[in-house]
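Coordinate inspection notes
Here is what each chain is made of, one letter per residue.
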Amino acid sequence: MNYITRKHLLGSLILAATLGTASHTHAMSLLSPQASDDNAKAVAPAALPGGQSDTVVLMILREGINDTIERENRRVPASEADAIMAELLADPATISVEKAGIVTTPPITQPGDQGNVSAQSAMDAFAQSQARGPLKYNDPLYADQEWFDPTQEHGLRLEPALDRLSFDRTIRVGVIDGGFTASVDMQYTEGVNLRSVNGNPRGPNFLNEDIDCSYVPPEFELSLHGHHVAHLIAANPNNALGMSGTTPNVELVAARSMNCGNNGLSPDIIDGIYWLSGEPVDGVDPISEPVEVINMSLGGEGACPAAYQAAINSATSKGIIVVVAAGNERDNADNYYPNNCDNVIAVAAHDTRGILSNFTNTGTTVDTVAQGSLVTSITPEGNPTTVGGTSFSTPIAAGVIANVLSERPGLSTAQLKAMIAESGNPVVEASFRPNLGAGSGILDAMKFLDAAGIPRAIVAAQSALQGERERFVEALSHPLAQNLLNEEVGGDACSLVEIDGNVLPNANPSDPLTVFAVPAGAPLSPTASNANILAQTEAGRMIVSTDTLDAFSNSQFGIARCDVTTSSNCNQVDTIRGFNPADLERPAFCTVAMR
Amino acid sequence: MTFSIGQLENDEASRFEITTVSNGQTIRNIINLNATNTSATPTLAEIRGLQALSGPEAVLADDLRLANVALELEYLANLIDADQQQAMRDTINNTLSELTAELATDIAQIIDAMRGYERGEVTETNLRNLLNDTNTRVLGLGDAGEAILDSFSSILSRLDVVFPDNLNDTFPLIFDDNLNRYTRFGNDAFGQTNEDGTFTFDGNLDFLNAVFTFARPATVAVTAQ
C-alpha cells in the first residue's frame, strides 16, 4: 500500500452524482492503439495473452490518516467488478474507484507520414543540409536529425542552443514506456519492470532481452518503442556512433510499464510516475534518486482519470516536470489522457515542412509542437531508421526541457509552460491539415533559452532580428513596422545590423562605440589615416544599416570602444574587434519569406 | 425520487444506499450525490488562473510584451539609443517590483484560502471577498500597465494602435475566461476569440496579431497535398 498526501488530489477530483452499481469516477474503455489504417502492425490489446480479460483492475483512492490519500490496485473478476465498485463506494472514506484502462504506445511508424513530400521539397532539404556547414557532433546520423539543424526554417534549432549551456550538472530523465533494449549508443542509469505479465515479475529486469516476450506471436513485432524514445533523449553525442541525444549530460531511468507488445495497464503507468518520483511502489526497489523530468509517450482516450491526476500532482509537487504526448489519432487532443491532465506539458508533432503531422492530435490542451514525422533513430543493431508519432516529438521536447532545467533547476511546470508560450514559431497551416490548437507552435530552443534567461553569446555584429529580439520577429517585421523603419532609417528590419560593444569587456564603458572601415589588407585601426568612421554612439550598442556597410566595398570592418580622435585606449587586444558583413547570418524570415 | 439541496457555501458529498424489492428480488443501489456549489465555479477558476501564473508579474505580461515591442522598434528606428532603451527597461522593472511583491503575497493567501474552501473550512463568501481584494491589486497593476503603454503612445499610434486615455477603466486588466489569462486585450471591442482558443484582432488592430502569442499566428499558405 502506498500513500500520497491529500493536497495533491484536491481540486482535481470531481465525483459526479451517479446512480446504481456502475458508480465510478471515470469509465475507461479498451482502446485500439491507432486508427485502423495506421495500425497494420500494431498488437491489438486483446490479441496478446496475459491480458486476463476475465478480470479487471480497480484503482481505488481512499482518504488516509493525517491528510493522506491511500491508493490501492485490486484485481477482481470482471463479472463482479461493478458490484465491488459499489461496495467500495459505500465506504465514506473512498474517494474514487476506477476501472483500469489499457494504455497504448502507438506503432513506431505512421503509414502515410509525410508521404506527400515532393521531389522538390526533398531536393530543397538536401540543399539545405549541404549549406549547413561544420557539424557539432560526429555521430553518423547527426546530420539527419533535423531538430538540431539551425538552418531549418521550421525547426527546433537545438544545436546553437546547446552551445549556450554548460551541462555542468547531470540531469535525470525518466521514461515510462516499454520496449527498452540494450544499446551501444546509450546507457540506462537504472530501471525497473512494473508490468507483471506471463511470468515476468516486477523487479529490476526491464530490457527486452531480460524479459520473456515469447508470448508475443511471431507475426507481431516486439516493441522497441522505449528504445527509440530513450535514444532521442539520451543517445551519447559525439562518440562517432549512431545518433545524438537531445540532452548531453543525462541519466536516463526506465520505468517499464508496458508489455512486449505496446500495451499497458493504467496502474502500472501510475506506479511508474510514483516510482520515478521517489515514492515506494510494490514489487520494486525504490529509485536511487527521483528524476527531474518524466516522459510519457503513451495514452488512452477519455477524461484524465483521478488516479493519474493524483500521481501527476504528486510528482509536480516535488518539482518534477511531466511531458506527455498529444496522441496520434488525428483527433481532438483534449479527449485523450494524460495529455488532458493538469500540470503536464503536452507535445504535438510537425513534419519536416513545419506542417502538423498527418497523425497528430491537436487541441487547446496542447502546449507545443516538435518534429514527429520522419524522425531519425537507430535500430538496436545500430542501423539507421525513421520513426513517427507524437511519441517521438515528446522526447525531443522533453530533452530540451531537461537541458533548460540543467541550467535553471527549480523551474516549475507553470513557469516552463509560460516560457514555452513565448518560445514557439507558427506551424505552417495547410488546408488539408486541421488545427484545433497547437499551443505556441513549433518549439524554438533558442527562444526557449531566452525565456529562461540563459544568455546568448555576445557577438560584435549580428542581424537586428537575431538574438533575444527573435521573440518579437513577427511584430518587428509586420508591414506597419517595416513602414515605420523605412521612414526612420531607410530600410526594413532585415536590413539592420546591431553592433554590440559588450563584446569588448575590458574596454572603458564611458568611451564611445565606433564602427569603422579600412581598405582590405590595411591594419584594422579606427585611427589610421585611411579609416572611415561609419557610425558612433555613446551607448553600449547601436543599429547600423547594411546600406551603410555596403557603401564600402573591398573593405574590412571593425568596431572600436575607445577615443578614436586621440587614439586613447585604442588597442587590438582590448578595444578593437573586426567583423565581416558577409558572415552575418540572416534570419530565416529575411532569407525565405521576404528575400 | 427527488433530492433537494438548499443554498450552499461549499461543495457537499453524500452517499445513500437504497434497497428496493421488485418481484421478490432485492436490488441494492448506491447513490453518490455530489452537490457542487456552482456559484463558486467562476471564483475557483479565477483563483486557479492566479495559481497557474508563472509569477505575479505575469498578470501584466501582455501590457509588457506590447511595451517591449514598442521599445525595440524605437531602438531599431534610432529614435532612442541603447542606453535610453536600458534606462526605460529599468524604470519599468522598478515600477513593477513593489506592486508585484504585494500581489505575490495576495496570491499566496488566496491559494491557501482556496485549499481551505476545498476542505470546507472557508466559505464561498469569504473566498470571493479575498478574490475581490486580489483583483483590486491586479487593477492597480493595470494602472501601472496603462502608464507604461502611455509612454509608448507616439510610436504605437504609428502602428495604428491607439488606446483611450482611460485605458484601464475602459479595458480593465482582468482574468479573461476565454483566453484563460490575465489580459485587457481579449475584449470584444478588439476582435474575436477563435475555436482553437486563439484570438484574432480586427483588421485595424492587425499589428497586435503579430505581437501577442495568444493571437492567431501569421501563417504560410500551403496548397499542395
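Computed from a predicted model, the values in this text were never measured in an experiment. (Residues numbered from 1 in each chain as written. Chains lettered and ligands numbered in written order. Predicted model: local features only at pLDDT ≥ 70, side-chain atom pairs only at ≥ 80, totals over all residues.)

**Some words on the overall build of chain A**
Within chain A one finds 13 helices and 27 strands. Here chain A holds 595 residues, and 54% of them are scored as buried. When contacts within chain A are restricted to residue pairs at least 6 apart in sequence, long-range pairs at least 24 apart make up 72% of them. (Helix = DSSP H or I, 4+ residues; strand = E, 2+ residues; numbered from the N terminus. Buried ≥ 20, exposed ≤ 12 C-beta atoms within 10 Å, placed from the backbone. Contact = placed C-beta atoms within 7 Å.)

**Some details on the overall build of chain B**
Looking only at helices and strands, one finds seven helices and six strands in chain B. The N-to-C order of helical and strand elements in chain B reads β-β-α-α-α-α-α-α-β-β-β-β-α. A burial count over chain B gives 35% of its 225 residues as buried. Of the contacts made within chain B by residues no fewer than 6 positions apart, 57% connect residues no fewer than 24 positions apart.

**Brief notes about the sheet that holds strand β24 (residues 532–537) of chain A**
Where strands meet in a sheet, backbone hydrogen bonds hold them as pairs that are either parallel or antiparallel. All names here are of chain A. Taken in spatial order, the four strands make up an open sheet running β24-β23-β26-β27, and their pairing is antiparallel. Each having just a single partner strand, β24 and β27 (576–579) make up the two edges of the open sheet. Across the sheet, the mean angle separating the axes of adjacent strands is 25° when strand polarity is ignored. (Pairing = 2+ DSSP bridges. Axes fitted to C-alpha atoms, helices over the stretch in contact; angles between N-to-C directions.)

**Some points on the nonpolar core**
Residues Val173(A), Ile294(A), Val323(A) and Ile401(A) are the most contacted members of the largest nonpolar core, which totals 210 residues. Element by element, the count of residues in this core is highest for helix α3 (residues 82–118) of chain B, at eleven residues. Those residues in contact with Ile401(A) that sit more than four places away from it in its chain are Val293(A), Ile321(A), Val323(A), Ile345(A) and Leu416(A). (Core = buried A, V, L, I, M, F, W, Y, C linked by C-beta atoms within 7 Å.)

**A look at unusual backbone geometry**
All names here are of chain A. For the bond from Tyr 337 to Pro 338, the omega torsion is 0°, close enough to zero to count as cis. Locating Pro 338 in the fold gives a position in the loop between β14 (336–337) and β15 (345–350). A positive phi is found at Leu 374, a non-glycine position, where the angle reads about 50°. Looking at the secondary structure, you find Leu 374 in the loop between β16 (368–371) and β17 (375–378).

**Remarks on the confidence of the model for chain B**
On average, chain B scores 86 in pLDDT, and the residues at 70 or more come to 88%. Note on residues 218–225 of chain B: pLDDT under 50 across the span, and 14 contacts to partners over four residues away in sequence or across chains. (pLDDT = per-residue confidence, 0-100.)

**What to know about the sheet that holds strand β22 (residues 496–500) of chain A**
Residues and elements named next belong to chain A. Taken together, the three strands give an open sheet; going across it, the order is β21-β22-β25, and neighbouring strands pair in antiparallel fashion. Where the open sheet ends on each side, the last strands, each with one partner, are β21 (461–463) and β25 (541–545). Strand-to-strand twist across the sheet, computed as the mean angle between neighbouring axes with direction ignored, equals 30°. Two elements, β22 and β25, share five bridges in a ladder whose sense is antiparallel. Paired with Val 497 across the strands is Val 544, a residue of β25.

**So, the packing of helix α2 (residues 61–76) of chain B against helix α4 (residues 124–150) of chain B**
Residues and elements named next belong to chain B. At a minimum axis separation of 10 Å, α2 and α4 run at an interaxial angle of 10°. Classified by the angle their axes make, α2 and α4 are roughly parallel. Residues Asp 63, Leu 66 and Ala 67 of α2 lie in contact with α4, whose contacting residues are Gly 145, Ile 148 and Leu 149. A breakdown of the residues in the contact of α2 with α4 according to their chemical character gives four nonpolar, one polar and one charged. (Parallel < 35°, antiparallel > 145°, perpendicular 65-115°, else oblique. Nonpolar A, V, L, I, M, F, W, Y, C, P; charged D, E, K, R; others polar.)

**Re α4(B)**
Here α4(B) spans 38 Å end to end across 27 residues, near enough to the 39 Å set by a 1.5 Å rise per residue. The elements touched by buried residues of α4(B) are α1 (41–51), α2, α3, α6 (167–170) and β4 (181–183) of chain B. (Expected span 1.5 Å × (residues − 1).)

**So, helix α6 (residues 306–317) of chain A**
Residues and elements named next belong to chain A. The first and last C-alpha atoms of α6 sit 16 Å apart over twelve residues, in line with the 16 Å expected at 1.5 Å per residue. The buried count for α6 comes to eleven of twelve residues, which makes it a mostly enclosed element. Here α6 has its buried residues at Ala 306, Ala 307, Tyr 308, Gln 309, Ala 310, Ala 311, Ile 312, Asn 313, Ser 314, Ala 315 and Thr 316. Looking one or two residues past α6, Gly 319 carries a phi angle of roughly 85°, positive in sign.

**Some details on the pairing of strand β23 (residues 513–519) of chain A**
As a general feature of sheets, a regular strand has side chains that alternate between the two faces. Residue and element names in this part refer to chain A. Of all seven residues that make up β23, six are buried, and the element is covered over most of its length. Of the strand pairs in this sheet, β23 and β24 are connected by five bridges, and their pairing is antiparallel. Bridged to Leu 513 within β24 is Thr 537. Where β23 and strand β26 (residues 555–561) come together, seven bridges link them in antiparallel fashion. Its bridge partner lying in β26, Thr 514 is registered against Ala 560.

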